[in-house]
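Below are the chains, spelled out letter by letter.
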Amino acid sequence: MLTVTNLRKYFPVRAQALGGPKVVVQAVDGVSFSIAQGDTLGIVGESGCGKSTTARLLMQLIEPDAGEIRFDGRKLGGSGMSIRELRRNMQMVFQDSYASLNPRLAVQDSIAFGPRTHGMSAQAARAKARELLGLVNLDPDQFGPRYPHELSGGQRQRVNFARALALEPRLVILDEAVSALDKSIEAQVLNLLMDLKANLGLTYLFISHDLSVVQYVSDHVLVMYLGKVVEVGPVDDVYHRARHPYTVALLNSRPSMDPDVHVEQPPLAGDPPSPIGPPSGCRFRTRCAFAEEVCARAEPALTVQDTSPAHAAACHMVIPGSGHSRAVQQGASHVPPPASLA
Amino acid sequence: MDFVEAARASGASTYAIIRVHILGNVLGPILVYATVLVSVSILIAAGLSFIGLGASPPAAEWGLMLNTLRESIFLAPLNSVLPGFMIFVTSMCFNLISDGLRSAMDVRF
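Reading the values: rules and limits
- Residues numbered from 1 in each chain as written.
- Chains lettered and ligands numbered in written order.
- Predicted model: local features only at pLDDT ≥ 70, side-chain atom pairs only at ≥ 80, totals over all residues.
- Heavy atoms only, no water.
- Domains from an automatic or database assignment.
- Contact = heavy atoms within 4.5 Å.
- Buried area = accessible area lost by both parts, 1.4 Å probe.
- Salt bridge = Lys/Arg side-chain N within 4 Å of Asp/Glu carboxyl O.
- Helix = DSSP H or I, 4+ residues; strand = E, 2+ residues; numbered from the N terminus.
- Core = buried A, V, L, I, M, F, W, Y, C linked by side-chain atoms within 4.5 Å.
- Buried < 20%, exposed > 50% of the residue type's maximum accessible area, 1.4 Å probe, protein only.
- Polar contact = N/O pair within 3.5 Å; in protein donor to acceptor, adjacent residues only side chain to side chain.
- Nonpolar A, V, L, I, M, F, W, Y, C, P; charged D, E, K, R; others polar.

Undergrad: Explanation requested: the domain arrangement of chain A in the structure shown.
TA: Interface extent is often summarised as the accessible area lost during association of the parts. Residue and element names in this part refer to chain A. The domain architecture assigned to chain A consists of domain 1 (2-14 + 21-218) and domain 2 (223-256 + 269-341). Between domain 1 and domain 2, the C-alpha centre-to-centre distance is 29 Å. At the junction of the two partners, domain 1 supplies 23 residues and domain 2 supplies 21 residues. Taken over both partners, the interface formed by domain 1 and domain 2 buries close to 1,800 Å², and the fraction arising from carbon and sulfur atoms is 57%. Together, Glu46, Leu211 and Gln215 form the three largest contributors to the area buried by domain 1 at its contact with domain 2, with a combined 32%. On the surface where domain 1 and domain 2 come into contact, there are 3 salt bridges. Residue assignment for the side of domain 1 that touches domain 2 shows that the elements contributing at least two residues are β2 (23-35), β3 (40-44), α1 (51-58) and α8 (211-217).

Written out as structure tokens, the structure reads:
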């Protein structure tokens, strides 16, 4: 349904010295993925790895430097799909439920704004807004005329879903949409999201840093690190047969439900390097326990794994003949993961 | 702000976004700031005239009056403080207006 190829965005930063070299933040660098109709793609990664930038690029809220976006096989821009048409089919929910609603508009007017701009009459838009409020389990008579500051966080975020659904999009981008909510409210809102998806036939792009939530809602998962895709695949393959050491470290950093499991050592130390002048070769090599000379020299390409045709990882250890001492053998029937997930 | 981004994402024109989402939110603070500025200006003007840097004698100015009436403070004390009292009342009025405007313009109050 949505196919993204080689999406790239570099943000210019002020030069360090007058007349010095131009510095850029490589926020998103060559990200490709596709989402099938009715699927949920989860995007996970540390803060600053480019998750939100990717979402904003998709919505064309910021213009990509390069890359191709295809919706239903139609290319965005030029003679293909217009940005306006794309935005009718694709909507976004932001993390901050309060900042994403106009404080001076009653929530039903906020929801009605989208349909109004697409030519619906004021009365029809109002009726639509009330219907949508009902859809997200808010009583239109009670909550419609209220202002955002009169609602709780969970209620506000449900209003944001209603607003996103007002244009009847087919794909909804949820950018950390439940991260700011209390755990109990988060579960409630997640269930509402799943119901909406089933009832309206929606497709989700679910961005989160919460691995457990992503596992719960997603069909496919994409792991990002410093603006690049390090691993992508069906949720079971990525969570149970992770191939990239970064994915393994992320999964190991999850809090366990088992009180007897204690993590003595953090799976990863330090912060990711700066996206201004990232490490050469593999961007993860500065924090990787298995980094070798080849990792600094060459950048690993996303390579399809034997677990499933949709599962791919970008690590020299899973690329046959890459020159890494732990690289898998060509034609190996089963490759053990680089580190145990026990 | 995210709600402006959301409006952009819904495909609204720049003009519609300014009219619906931006003007309403900035008009309040601008009016409040303007009225506060009026009362501050009155105080500054009076202060400058008082020390002889503002209006010169034939002009009617409270700061100036305050300065000239200074000499008669023992003869007609009420008269000599009257300009000062008026300055106080006027700037207070503008402050109260700005307070009222803020309450009236903000949906949260």
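Next, the rest of the story.
Undergrad: I would appreciate a short explanation of unusual backbone geometry in the present structure.
TA: The general pattern is negative phi for most residues beyond glycine and trans for most peptide bonds. All names here are of chain A. Unusually for a residue other than glycine, Gln60 sits at a positive phi of about 65 degrees. Position of Gln60 relative to the elements: it lies in the loop between α1 and β4 (66-71). At Asn137, a position not held by glycine, the phi torsion is positive, near 60 degrees. Within the fold, Asn137 resides in the loop between α4 (122-135) and α5 (140-143).

Undergrad: Before we go on, may I ask you to explain the nonpolar core in this structure?
TA: In summary, soluble globular proteins display a tendency toward joint burial of nonpolar side chains. Residue and element names in this part refer to chain A. With 61 residues, the main nonpolar core has Phe161, Leu174 and Phe206 as its most contacted residues. Each of domain 1 (2-14 + 21-218) and domain 2 (223-256 + 269-341) contributes no fewer than three residues to this core. Other than its neighbours up to four places away in sequence, Leu174 contacts Val93, Phe161, Leu193, Tyr204, Leu205, Phe206 and Ile207. Within the second largest apolar cluster, 35 residues are counted, among which are Leu86, Met90, Leu205 and Val232.

Undergrad: I would appreciate a short explanation of the interface of chain A and chain B in the present structure.
TA: Listed per partner, the contact involves 25 residues of chain A and 20 residues of chain B. Here chain A packs against chain B, burying approximately 2,000 Å² in sum over the two surfaces, 56% of which is carbon and sulfur. Three residues, Leu61, Arg104 and Phe113 of chain A, lead the burial of chain A against chain B; their summed loss comes to 32% of the area buried on that side. The tally of links between chain A and chain B comes to 2 salt bridges. The shortest N-O distance in the salt bridge between Arg56 of chain A and Glu5 of chain B comes to 2.1 Å. Joining chain A to chain B, the criterion identifies 12 residue pairs in polar contact (both at pLDDT 80 or more). Of all the secondary-structure elements, those providing two or more residues to the side of chain A that touches chain B are α2 (83-89) and α3 (107-117) of chain A. The leading source of residues in the side of chain A that touches chain B is α3 of chain A, at 3 residues. Across the side of chain A that touches chain B, the residue classes tally to 11 nonpolar, 8 polar and 6 charged.

Undergrad: Can you help me understand the environment of Pro278 of chain A in this one?
TA: Residue and element names in this part refer to chain A. When you line up the elements, Pro278 lands in the loop between α10 (245-252) and α11 (293-297). Sequence separation between Pro278 and Leu226 is 52 residues, and the spatial gap between their C-alpha atoms is 7.9 Å. Setting aside residues no more than four positions away along its own chain, Pro278 makes contact with Gln26, Leu226 and Arg283.

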